[in-house]
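Structure assessment
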Amino acid sequence: MDKFMDNPWFIRGIALFFAVLMFLVVQSDEEQGSRAAGGTDIAVLQDVPLEVYYDDENTVVTGAPETVSVTIEGPGNLVRTTKTIKDFTVFVDLRTLTMGAHKVRVQTENLSEKLQASIEPETVDVVIEERISREFRVDPEMNERLLAENHVINSLEVEPATVMVTGAKSVIDSISFVKASVTADPGVDGPLEQQASVRVLDRDLNKLNVAIEPAEVTVKADISQYSRSVPVKLRRSGTPEEGVTINSLNTATETVKLFGPKNVLDEIGELTAEVDVSKVTASGKLTVELKKPAGVTKISPGSIDVDVQATVNDNDEETAEAPDEPDEPVAEAEPPEEESESEPANQADESSGSKETAQQGNASGAEDSGTADQEASGTLNGLAVEVRGLEEGQTGEVIQPEGPLSLKIRGPKSAVDSAKPGDFKLFVHAGGISEGEASLVVQVDGPSGLKAEPAPGRVTVRIAAA
């Protein structure tokens, strides 16, 4: 062993080994110091926007991702600066490619030559398609769960009614729905107006990547309490006064509108109006207040006018008032000679003479009455039409025809001759009509015993909010 250790080559080998080991240690320290002092460095940049260069006026590109990842390597100070300001561009250039599917390489621009860059993904698959625009109708929608109890959506309107959608032809062809949805807090109980974003969906309700002009529209929702129109049925109540006979009861109000819960209103087939005939003394108009059935919160209109045709029998009173005239003048009168034989008969029964005189007087009165009550007709001009039955906060005006109406009347000649325009009221019932225009029947309120017919029989009324 001592001989081996004394060998000079062994000593030289040991020296060489330690020399190499020391060289490697020093070099490693120098490299670490150099890196720490600003040598090479590596950084990964996530979500770098990918620019796509193509003919955006005539074509549409699909398939290209919006962002990519870029790894850069180089001098530490340059890597840190590039990572901070990101003053380079990552892009694909499709301007020279034709329509169809292509695989293209992702490139960088304005990146320092001292940096090495790798991109993930290195290539992307894109499809170049024809760019088209098409007009679509917008369907407004609102979730009924947002409504207050017993309220319904009467109508949904959108403005503008159509939008222009632009995109790839295949995407445009796959459009099935263009919608604008109303959003609100639960408990909506009145009209609503708001801006809503337009959504373009395919048949599976997937949102499509297209350009929409305009991207927002105005949605108006008409919301009110649930209502239902039902026919009105007249029913007599009470007993007419003695001598009064009710011939007929009629109303121009054929239907009324009921408000309340849907399950309650759907069970009501008609509304009965009780007409108290004990208040009737002659033919004319009678206002009847409508009673709300159980569960109904409101009736519109709340009252209706009933046309009552009645006959008043007063013959017994006229007979009772006829006086018993004495027949003394008849007894004292000197009859002609040819009638002297009948004198005892004239004086025989005073009551008989009285009855005969009364009968003659009644016959004469009947003849005079027939002349006075001869039927006649006439026309009154310059009558205005009143709008009745409006709800609170509404106004109504007759817009067609313009100006006053005329009224044809028929009845006893004496009544026709004495009739004046001020004796009659022309009106229409606008109860239960929402805002807008409506054609309504003209009704007449006037003296009994005269038949009146307005000309024209219907007018157009405009109902508006006050």
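Residues numbered from 1 in each chain as written. Predicted model: local features only at pLDDT ≥ 70, side-chain atom pairs only at ≥ 80, totals over all residues. Heavy atoms only, no water.

All right, on to the overall build of the protein then. Looking only at helices and strands, the protein has ten helices and 31 strands in total. Burial status across the protein gives 29% buried among its 466 residues. Taking contacts inside the protein between residues at least 6 apart in sequence as the whole, the part at least 24 apart equals 70%. Element-wise, carbon and sulfur atoms account for 47% of the exposed surface of the protein, whose accessible area totals about 29,900 Å². (Helix = DSSP H or I, 4+ residues; strand = E, 2+ residues; numbered from the N terminus. Buried < 20%, exposed > 50% of the residue type's maximum accessible area, 1.4 Å probe, protein only. Contact = heavy atoms within 4.5 Å. Areas by Shrake-Rupley, 256 points an atom, 1.4 Å probe, with all protein chains shown as cover.)

Moving on, we come to the packing of aromatic side chains. In total, this model carries two aromatic pairs according to the counting rule given. Measuring from ring centre to ring centre gives 5.4 Å for F17 and F18, while their planes differ by 75 degrees; the resulting arrangement is edge-to-face. For F17, a relative accessible area of 51% puts it in the exposed group. Among the residues examined, F18 registers a relative accessible area of 44% and is labelled partly exposed. The aromatic ring of F259 is capped on one face by K298, whose charged end is 5.2 Å from the ring centroid. Here the guanidinium or amino end of R388 rests over the ring plane of F427, the centre of that ring lying 3.9 Å away. (Phe/Tyr/Trp six-rings, centres within 6.5 Å; stacked < 30°, edge-to-face > 60°. Lys NZ or Arg CZ within 6 Å of the ring centre and 35° of its normal.)

Here the focus is the pattern of salt bridges. Enumeration over the complete set of coordinates arrives at 16 salt bridges. The partner of D305 in a salt bridge is R388, and the shortest N-O contact between them spans 3.4 Å. Of this pair, D305 sits in strand β22 (residues 303–312) while R388 sits in strand β24 (residues 385–388), and the two are 83 residues apart along the sequence. Across the pair K420 and D423 runs a salt bridge whose closest N-O atoms are separated by 3.8 Å. If you follow the salt bridges from partner to partner, you end up with R134, K169 and D173 in one network. (Salt bridge = Lys/Arg side-chain N within 4 Å of Asp/Glu carboxyl O.)

Checked against the element boundaries, V306 lands in strand β22. A relative accessible area of 0% places V306 in the buried class. Along the sequence, V306 and A252 sit 54 residues apart, while their C-alpha atoms lie 7.7 Å from each other. With residues near it in sequence (within four places) discarded, V306 still touches L234, L249, N250, V275, G284, K285, L286 and V288.

All right, on to the confidence of the model for the protein then. A residue-level look at the protein finds 82% of positions with pLDDT of 70 or above and a mean pLDDT of 81. Looking at the elements of the protein, mean pLDDT is at its lowest for helix α8 (residues 343–348), recorded as 36, and at its highest for strand β4 (residues 89–93), recorded as 95. Long-range and interchain partners of residues 315–372, a stretch whose pLDDT sits below 50, account for seven contacts in this model, where long-range means more than four residues apart. (pLDDT = per-residue confidence, 0-100.)

The next subject is a nonpolar patch on the surface. Taken together, I14, F17, F18, L21 and V25 make up a surface patch of nonpolar side chains, about 460 Å² in accessible area. Position of L21 relative to the elements: it lies in helix α2 (residues 8–36). (Patch = residues over 30% accessible without salt bridge, like charges linked within 9 Å, V, L, I, M, F, W, Y side chains within 5 Å.)

For the rest of this paragraph, the subject is unusual backbone geometry. In the segment running from E213 into P214, the intervening peptide bond is cis, with an omega of -5 degrees. Structurally, P214 is set in the loop between β14 (211–213) and β15 (216–225). Note that the residue after S300, namely P301, is joined by a cis bond; omega there is 0 degrees. Looking at the element boundaries, P301 is found in the loop between β21 (298–300) and β22. Residues other than glycine seldom take positive phi values, yet D47 does so here, at roughly 55 degrees. Positionally, D47 belongs in strand β1 (residues 40–53). Phi at N150 takes a positive value of approximately 65 degrees, unusual for a residue other than glycine.

What follows deals with the side chain of T59. By secondary structure assignment, the location of T59 is in strand β2 (residues 59–62). From its side chain, T59 meets the backbone oxygen of D55 in a polar contact 2.4 Å long. When residues no more than four places from it in sequence are discounted, the contact partners of T59 are Y54, M99, I128, E129, E130 and R131. (Polar contact = N/O pair within 3.5 Å; in protein donor to acceptor, adjacent residues only side chain to side chain.)

Our focus in this paragraph is the sheet that holds strand β17 (residues 244–251). To summarise the sheet geometry, strands pair through backbone hydrogen bonds and adopt either a parallel or an antiparallel arrangement. Taking strand neighbours across the sheet as the criterion, the three strands line up as β17-β22-β20 in an open arrangement whose pairing is antiparallel. Edge positions in the open sheet fall to β17 and β20 (284–289), since each of these has one partner strand only. The average undirected angle you get between the axes of adjacent strands in this sheet is 35 degrees. As paired strands, β20 and β22 are joined by six bridges and run antiparallel to one another. Paired with G284 across the bridge in β22 is V308. (Pairing = 2+ DSSP bridges. Axes fitted to C-alpha atoms, helices over the stretch in contact; angles between N-to-C directions.)

For the rest of this paragraph, the subject is the environment of S69. Locating S69 in the fold gives a position in strand β3 (residues 67–75). With 52 residues separating them in the primary sequence, S69 and P121 have C-alpha atoms 7.4 Å apart. Excluding anything up to four places from it in sequence, S69 contacts L45, Q46, S118, I119 and E120. A polar atom in the side chain of S69 sits 2.7 Å from the side chain of Q46.

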